[in-house]
Amino acid sequence: MKKVLLIFTLLFFGIYYSQTAPKFENDTLTTSTGFKVYVGLDLKIGTGSMNDGDFKFIRTNASSMFNYYSTTGYQGLANQANSFRRSNSGLTFKVKKIMTRGSKKNGFIYYAKIGSGMINYEVDLENAIKSGEITVPDEFLPKEKSQNQNSETKYDRLKKIKELKDSGVLSEEEFQKEKEKIMKE
């Protein structure tokens, strides 16, 4: 009986983890939520998850000539200097390339290269989807994310963007755009 229970437990966890781990096959990345990313896909940008509204998981690409390398400038915030700006919320960018970093031992992180002209950005796909920095259909939202969205009313979201406007993070124009989007839902 113990052997059967052990085998069942191992099978359960093996199936669970194999279904939730991102997979990269035939030039298509299937994220842990099932969303498929491939070269040429239009990615819709959501809202930044940093305190100032900028993006934490969309950054200047490491190979871009505009990448900021210093760790002493920007008050030691080189990462913030490379973040995607909040003014890009709501825009759409084509995926130029899918990149993999990491190792089998330590795990892989998958990035999509997006951008226009000489400035390119890399999107940490898993974290960008979880944080709402990339907009995906509801069926591909992480379970905890879709449950939070269902409990949050549009009036709650309006209150949040009003607070961002009052604190100076959003301009009047940005506030009006976000307000219109929320009211159309």
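Description of the structure in this document.

Parameters and conventions
- Residues numbered from 1 in each chain as written.
- Predicted model: local features only at pLDDT ≥ 70, side-chain atom pairs only at ≥ 80, totals over all residues.
- Heavy atoms only, no water.
- Buried < 20%, exposed > 50% of the residue type's maximum accessible area, 1.4 Å probe, protein only.
- Helix = DSSP H or I, 4+ residues; strand = E, 2+ residues; numbered from the N terminus.
- Contact = heavy atoms within 4.5 Å.
- Axes fitted to C-alpha atoms, helices over the stretch in contact; angles between N-to-C directions.
- Parallel < 35°, antiparallel > 145°, perpendicular 65-115°, else oblique.
- Nonpolar A, V, L, I, M, F, W, Y, C, P; charged D, E, K, R; others polar.
- Polar contact = N/O pair within 3.5 Å; in protein donor to acceptor, adjacent residues only side chain to side chain.
- Core = buried A, V, L, I, M, F, W, Y, C linked by side-chain atoms within 4.5 Å.
- Pairing = 2+ DSSP bridges.

Now for unusual backbone geometry. With glycine set apart, most residues show a phi of negative sign, and most peptide bonds adopt trans. Unusually for a residue other than glycine, N26 sits at a positive phi of about 50°. A relative accessible area of 75% places N26 in the exposed class. One non-glycine residue, D27, adopts positive backbone phi at about 65°. Relative to the helices and strands, D27 is located in the loop between β1 (23-25) and β2 (28-30).

Summarising the element assignment, E178 is placed in helix α6 (residues 172-184). Accessibility expressed as a relative area gives 15% for E178, which makes it buried. Once you skip the residues sitting within four places of it in the chain, E178 turns out to touch T47, S89 and I161.

α6 packs onto helix α5 (residues 154-166) with a crossing angle of 175° between their chain directions and a minimal axis gap of 10 Å. What the angle tells us is that α5 and α6 run roughly antiparallel. The segment α5 lies against α6, with K154, R157, L158, I161, K162 and K165 engaging E172, F175, E178, K179, I182 and M183. The class makeup of the residues in the contact of α5 with α6 is five nonpolar, no polar and seven charged.

Note on placement: S131 falls in helix α3 (residues 125-131). Within polar-contact distance, the side chain of S131 engages the backbone oxygen of A128 at 3.4 Å.

This part takes up the nonpolar core. Formed by 25 residues in total, the largest nonpolar core has its most connected members in L43, I58 and I134. Counting only elements with at least two residues in this core, the list comes to β4 (42-45), β8 (107-116), β9 (119-124) and α3. Contact partners of I58, with chain neighbours within four places excluded, come to I45, N82, S83, F84, I114, Y121, E122, V123, E133 and I134. Counting five residues, the second-largest nonpolar core is a separate cluster that includes I161, L170, F175 and I182.

This part is about the environment of V169. Secondary-structure assignment places V169 in the loop between α5 and α6. When its relative accessible area of 17% is taken as the criterion, V169 is described as buried. Expressed as a C-alpha distance, the spacing of V169 and N51, which sit 118 residues apart in the sequence, is 8.6 Å. Beyond its immediate chain neighbours, meaning those up to four positions away, V169 contacts N51, D52, G53, R86, L164 and E174.

The pairing of strands in a sheet comes from backbone hydrogen bonds and takes either a parallel or an antiparallel form. Strand order across the open sheet formed by three strands is β1-β2-β3, with antiparallel pairing between neighbours. The open sheet has two free edges, formed respectively by β1 and β3 (36-38), since each of these has just one partner strand. Going across the sheet, the axis of each strand differs from the next one's by a mean of 20°, ignoring polarity. Pairing of β2 with β3 involves three bridges; the strand directions are antiparallel. Note on β3: the bridge partner recorded for T30 is K36.

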